[in-house]
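Structure at a glance
The residues making up each chain are set out below.
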Amino acid sequence: MKEKTEQWSSKLGFILSSAGAAIGLGAIWKFPYVTGMSGGGAFFLIFVAFTVLIGLPMLISEFIIGRGAGKEAISAYKKLAPDSLAVWIGRLGVVGCFLLLSFYSVVGGWVLVYSVMSVFGKVIGGGADYPVLFETVIGTPWITIVGLLAFTLANIFVVSSGIQAGIEKANKYMMPLLFIFFVILVIRALTFDGAWEGVKFFLAPDFSSITGESLLYALGQSFFSLAVGFSCMVTYSSYLKKDVSLPSSAGTVVGLNIFVSLLAGLAIFPVVFAFGYEPAEGPGLLFIVLPSIFSQIPLGEVFLALFLLLFLFATLTSSFSLYEIVVAAATESGKRSRKWVTWMAGVVIFIAAIPSALSSSSLSSFTIFNKSIFDGTDYLVSNLLLPFGSFLIALFIVHKMDEKLVKEEFYLNTNGSPSLYMTWRLLMKWIVPFTIAIVFLNMLGFI
């Protein structure tokens with residue numbers, strides 16, 4: 001196999017790209033509506049606990065596996081544990097990313113459609129009924145397909161350009177601008193009459209609303225929002241130089257992710273309660289609330305267009321990581337060019353995403369797990385495959401990977417604290433797999 005020729009140009013580029021992979025639809029789109037459907041404050045606290053105690057150790061683990069092997073996901077497991085079944089962890093990641101993109105790209109298409117509509121002044125104004133507008137967008141087949149196609153082409157263009165020239169360069173500009181706009185959005189949301197009720201819903205925990213399924217959703221959301229469980233970060237960290245501290249980088253990514261999730265909740269729920277919307281609105285919550293906020297601001301259409309464009313960038317930065325694991329696996333041998341593989345992957349993912357794109361229109365009668373094709377695929381990926389993939393990675397790094405190499409990667413450019421390493425290893429050996437198993441058993445009714 002050929003050696004890696006591409007690398008991140010800097011630690012900042014790696015962190016922003018990793019944060020971009022994590023901070024996208026997971027933190028901005030999915031987190032608010034899943035929180036709204038799962039009880040608010042109690043769910044948020046459980047999500048934060050899962051993210052710190054399980055998501056952070058998992059992220060460090062994927063970083064260690066990737067940089068330690070210097071290979072993309074499939075080849076990494078093959079190199080670190082040859083002649084074993086561990087390679088199937090990487091293969092599960094590739095398949096999982098493919099399935100995730102089959103509904104993620106649909107939402108990316110929605111964001112793109114709303115961005116274009118807003119640029120032309122078609123969202124705010126004219127007494128628009130925002131819930132009806134959203135239903136019209138997702139219920140019109142040609143609109144969802146065109147949005148899906150445009151989003152797919154945007155991914156192909158950037159990912160085919162490579163690591164530094166494509167993914168890293170895009171993230172360096174997109175992420176800082178997104179943070180700035182989010183802070184502005186929160187400040188305005190908190191000034192609405194009745195906004196405090198939304199803040200209380202989001203931050204005041206009521207554990208009576210928590211069920212086994214809520215725990216599973218919180219666990220799945222912590223994995224989804226950090227892009228762990230499918231070895232995306234194994235592939236990203238395989239491009240990383242040895243002068244970067246993995247625990248420090250992972251902590252920064254997790255901190256940014258929790259901060260953006262907090263901003264998303266503070267931007268969305270005050271408006272939900274101020275305008276009388278339902279917090280359990282579902283996947284369309286963000287597309288209903290954002291126009292409501294910006295319609296109350298001078299030059300609201302302009303600011304909405306700018307925010308939606310930045311939100312589109314954040315959505316793309318996450319999808320870049322999903323595409324990269326598929327593309328990297330297919331180009332590792334050096335026999336296929338990155339551009340050709342990216343185009344082929346894009347075409348196949350576009351075709352696979354069409355059923356989810358039509359799940360609110362032409363294919364609304366088809367169900368998976370008693371859910372629409374879109375929601376069923378989301379449930380399969382986020383709440384079943386991601387936790388299962390994380391469970392397997394935890395077993396791998398503790399029981400199959402050479403501990404000498406693990407320690408070497410963990411301690412590089414850290415203060416060498418043995419207690420930090422032992423805490424991380426304890427979490428990966430016992431807490432992570434045990435918690436995943438308990439949550440699954442609780443959901444299935446065995447506990």
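Structure: above.
Not measured: the values here are computed from a predicted model.

Some thoughts on the overall build of the chain
Check the secondary structure of the chain and you find 18 helices and two strands. Projecting the C-alpha coordinates of the chain onto the three principal axes gives extents of approximately 65 × 50 × 40 Å. Per-residue burial over the chain gives 60% buried out of 447 residues. Put simply, 84% of the contacts in the chain that link residues at least 6 apart link residues at least 24 apart. As displayed, the chain has an accessible area near 16,700 Å², and 68% of this comes from carbon and sulfur atoms.

A word on helix α16 (residues 373-399)
With 27 residues, α16 should reach 39 Å at 1.5 Å per residue; the first-to-last C-alpha distance of 37 Å fits that figure. In the structure, α16 departs most strongly from a straight axis at Leu385, where the bend amounts to approximately 35 degrees and where the proline Pro387 lies between one and four residues downstream.

Some details on the environment of Ala69
With respect to the helices, strands and loops of the structure, Ala69 is situated in helix α3 (residues 41-69). Separated by 165 residues in the primary sequence, Ala69 and Val234 place their C-alpha atoms 9.0 Å from one another. With residues near it in sequence (within four places) discarded, Ala69 still touches Ile64, Ala76, Lys79 and Leu80.

A few points about the environment of Ser105
Mapped onto the fold, Ser105 is located in helix α5 (residues 87-119). A residue is classified by how much of its surface remains accessible, and Ser105, at 0% relative accessible area, is buried. Residues Ser105 and Leu262, spaced 157 residues apart in sequence, show a C-alpha to C-alpha distance of 24 Å. With sequence-adjacent residues up to four places away left out, Ser105 is seen in contact with Leu148, Phe151 and Ile349.

What about the packing of helix α6 (residues 130-138) against helix α13 (residues 285-294)?
Here α6 crosses α13 at 135 degrees, and the two axes come no closer than 9 Å. As judged from the angle between their axes, α6 and α13 are oblique. Judged by the sense of rotation from one axis to the other, the crossing of α6 with α13 is right-handed. Residue-level contacts link Tyr130, Pro131 and Phe134 of α6 to Phe287, Ile288, Pro291 and Ser292 of α13. In terms of residue class, the contact of α6 with α13 is made up of six nonpolar, one polar and no charged.

Observations regarding the pattern of salt bridges
This structure, assessed with the given rule, holds seven salt bridges. Here Glu409 ties to Lys242 by a salt bridge, and the two come within 2.3 Å at their closest N and O atoms. Highlighted residues: Glu409 in helix α17 (residues 403-411) and Lys242 in the loop between α11 (232-237) and α12 (246-274), separated in sequence by 167 residues. With its nearest N and O atoms 2.8 Å apart, the salt bridge here joins Glu324 to Arg338. Taken together, the residues span a long stretch of sequence, with Glu324 in helix α14 (residues 300-331) and Arg338 in helix α15 (residues 338-357) at a distance of 14 residues. Each member of the pair, Glu324 as well as Arg338, carries the same accessibility label: buried.

Here is what the cut-offs are and how they apply
- Residues numbered from 1 in each chain as written.
- Predicted model: local features only at pLDDT ≥ 70, side-chain atom pairs only at ≥ 80, totals over all residues.
- Heavy atoms only, no water.
- Helix = DSSP H or I, 4+ residues; strand = E, 2+ residues; numbered from the N terminus.
- Buried < 20%, exposed > 50% of the residue type's maximum accessible area, 1.4 Å probe, protein only.
- Contact = heavy atoms within 4.5 Å.
- Areas by Shrake-Rupley, 256 points an atom, 1.4 Å probe, with all protein chains shown as cover.
- Expected span 1.5 Å × (residues − 1).
- Bend = angle between axes of the 7 residues up to and from the residue.
- Axes fitted to C-alpha atoms, helices over the stretch in contact; angles between N-to-C directions.
- Parallel < 35°, antiparallel > 145°, perpendicular 65-115°, else oblique.
- Left-handed = near helix turned anticlockwise from the far one by under 90°.
- Nonpolar A, V, L, I, M, F, W, Y, C, P; charged D, E, K, R; others polar.
- Salt bridge = Lys/Arg side-chain N within 4 Å of Asp/Glu carboxyl O.

Taken by themselves, the reported measurements are silent on function.
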